[in-house]
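Examining the three-dimensional arrangement
What follows is each chain in one-letter form.
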Amino acid sequence: MATPSSTFTELVTSTLRNHPSEISDNVSQNNALWRYLKRKGKIDLEDGGYEIVRNLDYANNSTYQRYSGYDTLNIGASEVLTAAKYDWMQAAVNVTASGRELRMNSGDNAIFNLSKARLKNAVRTAANYMSIDVYSDGALTNQMGGLAYIITADGTGTVGGINSQTWTFWKNQFYECPTAPSAATIKTHMNTLYLRQVRGADKPDLIVSSHDFFTFYWASLQDNQRYVDNASEATAGFQSLKYVTADVIFDSNSNFSVTAEKMYFLNTDYLGLVVHRDANWSQLDDKMSVNQDAVVIPLLWMGNLVCSNRSLQGLLMDTM
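Residues numbered from 1 in each chain as written. Predicted model: local features only at pLDDT ≥ 70, side-chain atom pairs only at ≥ 80, totals over all residues. Heavy atoms only, no water.

1. Comments concerning the overall build of the chain
- Along the chain, the regular secondary structure elements total 10 helices and 15 strands.
- Considering the chain as a whole, with its 320 residues, one finds that 43% of them fall into the buried category.
- Taking contacts inside the chain between residues at least 6 apart in sequence as the whole, the part at least 24 apart equals 73%.
- Surface summary for the chain: the accessible area is close to 16,800 Å², and the carbon and sulfur share equals 50%. (Helix = DSSP H or I, 4+ residues; strand = E, 2+ residues; numbered from the N terminus. Buried < 20%, exposed > 50% of the residue type's maximum accessible area, 1.4 Å probe, protein only. Contact = heavy atoms within 4.5 Å. Areas by Shrake-Rupley, 256 points an atom, 1.4 Å probe, with all protein chains shown as cover.)

Given below as C-alpha cells:
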C-alpha cells in the first residue's frame, strides 16, 4: 500500500522524469546570459575529471624564421600551450515535506498539489540563485566564479589558476568612462572598449548591460533602433538590441549585486558553462531523516563558468 511519503516522492520523481530539464530550462528562461549561452551551444556537459580544464594557446611559436638556401633552421622547443583549470562548484536544492504535511494532504488531489507546489518552489529558487551566481565574483563560500570573477575592473586577478599580473596575456580588457555616461556619450565609450577586443575575426558577440547603460544605449538609437533579429530572445521576454554584430541584452542590477553601472563585452567563443553530466539539476533518491518526520528529495548541480581567453573579454564601467 502506498504511503503519503511514497506517493509524494513518486509524484515529484515522475514530474522530473517526464520533464528532465525542468530546472535547467527554468534557469535559462529567467536569465538572459544563461539563455544566450544555451542557445549558442556554450553549455557543455562533461563526464568528470578532477578539475575543469581549458587549453590555452598563449604565445607564438618561437621557431618561426625567414631563411634563405642552406641557412640553419631553428628546431628549438617552443612553449606555446598552457591550461586554465577551474574547480567544480556545487549547488543543491531540496524538495521537502514533513510527515504532518504528507498525512494532512494524503488524498490524491491534495498530495498532487503539494508535490507540484514544492517542486515549483524548488525550480524558482534554483533559477533565482543561479542568476546571481553566474554574475558573481565567487566570493561566497562554494559559489561559482561568475562574470565578476573572470572579468575584473582592472584586468588583474588569478583566474583558472593563472595570475594575470605575472602572465599579462591573461588580462581582460576594461574601460572606465572618463565622463558621466549619457545617451549622447554611451556609444563613444562602447566603441573604445569594443575596438580593444577585436582581433581579426574575433570580436564581442554579446553585451550584457545593467539598467542605466542599457537605457542610455537604447535612447541613443532613437528612430534607428536595431533590435535583435533572433526571435528566440523576443519570445523569451528579454529586451535585446544590436551593437555592430553583437546582441545587447539587459539584466537586473540585483543580479549584478552592485550599484555601479556595468556592461560586459563578451566573446562567447571563449566563454561558457561546463556542467557535470550527472549533476545537471539531477535528482537523488529520496531521504528519510533519522531524527525527523520528513522526506527530502535532493536536486544537485555541479559545474562552473569557464574562460579560455580573457583578453577578448571586456568590462565597461561607470564609477562616478
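2. With respect to the packing of aromatic side chains
- Enumeration according to the criterion identifies 7 aromatic pairs in this entry.
- Centroid distance Phe169 to Trp170: 6.1 Å. Interplanar angle 55°. Geometry classified as tilted.
- Using a relative accessible area of 25% as the deciding quantity, one classes Phe169 as partly exposed.
- Using a relative accessible area of 1% as the deciding quantity, one classes Trp170 as buried.
- Their ring planes at 65° and their centres at 5.9 Å tell us that Phe214 and Trp218 sit as a pair that is edge-to-face. With Phe214 and Trp218 both in helix H8 (residues 211-221) and 4 residues apart, this pair spans about one turn of that helix. (Phe/Tyr/Trp six-rings, centres within 6.5 Å; stacked < 30°, edge-to-face > 60°.)

3. Some details on the pairing of strand E9 (residues 240-243)
- Burial of E9 is two-sided: the residues Ser240 and Lys242 facing one way and the residues Leu241 and Tyr243 facing the other way are all buried.
- Bridging between E9 and strand E10 (residues 246-250) involves 4 bridges; their strand directions are antiparallel. If you follow Lys242 over to E10, its bridge partner there is Asp247.
- The antiparallel pairing of E9 with E10 creates a hairpin that spans 2 residues between the two strands, and Val244 there sits at a positive phi of about 50°. (Pairing = 2+ DSSP bridges.)

4. Quick look at the side chain of His189
- Here His189 lies in helix H7 (residues 186-196).
- His189 sits in the buried class, given a relative accessible area of 4%.
- If sequence neighbours within four positions are ignored, His189 has contacts with Tyr175, Cys177, Pro178, Thr179, Pro181 and Leu316.

5. A short note on unusual backbone geometry
- With a phi angle near 50°, Val244 is a residue other than glycine that sits in the positive phi range.
- Structurally, Val244 is set in the loop between E9 and E10.
- One non-glycine residue, Trp281, adopts positive backbone phi at about 55°.
- Looking at where Trp281 falls in the secondary structure, it is placed in strand E12 (residues 271-283).

6. Quick word on the sheet that holds strand E15 (residues 314-318)
- The strand order across the open sheet built from 6 strands is E7-E15-E11-E8-E10-E9, with neighbouring strands paired in mixed fashion. A strand with exactly one partner marks an edge of an open sheet, and here the two such strands are strand E7 (173-176) and E9. Shown here is a sheet whose adjacent strand axes are inclined to one another by a mean of 20°, direction ignored.
- Against the sheet, helix H3 (residues 32-39) engages strand E8 (206-209), E10 and strand E11 (261-266), with an angle of about 150° to E10.
- Seen against the sheet, H7 touches E7, E8, E9, E11 and E15 and runs at an angle of roughly 160° to E7. (Axes fitted to C-alpha atoms, helices over the stretch in contact; angles between N-to-C directions.)

7. Section: the pattern of salt bridges
- By the definition in use, this model includes 8 salt bridges.
- Residues Asp247 and Arg39 are paired through a salt bridge, measuring 3.6 Å at the closest nitrogen-oxygen approach. Here Asp247 is found in strand E10, whereas its partner Arg39 is found in helix H3, with 208 residues between them in sequence.
- The class of Asp247 is buried, set by a relative accessible area of 7%. (Salt bridge = Lys/Arg side-chain N within 4 Å of Asp/Glu carboxyl O.)

8. Focus: the nonpolar core
- Of all hydrophobic cores here, the largest spans 48 residues; its most connected members are Leu33, Tyr86, Leu147, Val208, Tyr264, Leu266 and Leu305.
- The greatest single-element share of this core, amounting to 7 residues, is contributed by strand E14 (residues 294-307).
- Setting aside chain neighbours within four positions, we find Leu33 in contact with Val134, Tyr135, Leu147, Leu206, Val208, Ile249, Asp251 and Leu266.
- Core analysis: the next-biggest nonpolar cluster, separate from the first, contains 18 residues, Tyr175, Leu193, Ile207 and Phe214 among them. (Core = buried A, V, L, I, M, F, W, Y, C linked by side-chain atoms within 4.5 Å.)

9. Notes on a nonpolar patch on the surface
- On the surface, Tyr67, Leu73 and Ile75 cluster together to form a nonpolar patch covering roughly 390 Å² of accessible area.
- Here Leu73 lies in the loop between strand E2 (52-57) and strand E3 (81-86). (Patch = residues over 30% accessible without salt bridge, like charges linked within 9 Å, V, L, I, M, F, W, Y side chains within 5 Å.)

10. Some remarks on H3
- Of all 8 residues that make up H3, 6 are buried, and the element is covered over most of its length.
- Buried residues of H3: Ala32, Leu33, Trp34, Arg35, Tyr36 and Leu37, and no others.
- One or two residues past the end of H3 sits Gly41, with phi positive at roughly 75°.

All quantities given are derived from atomic positions and should not be read as evidence of function.
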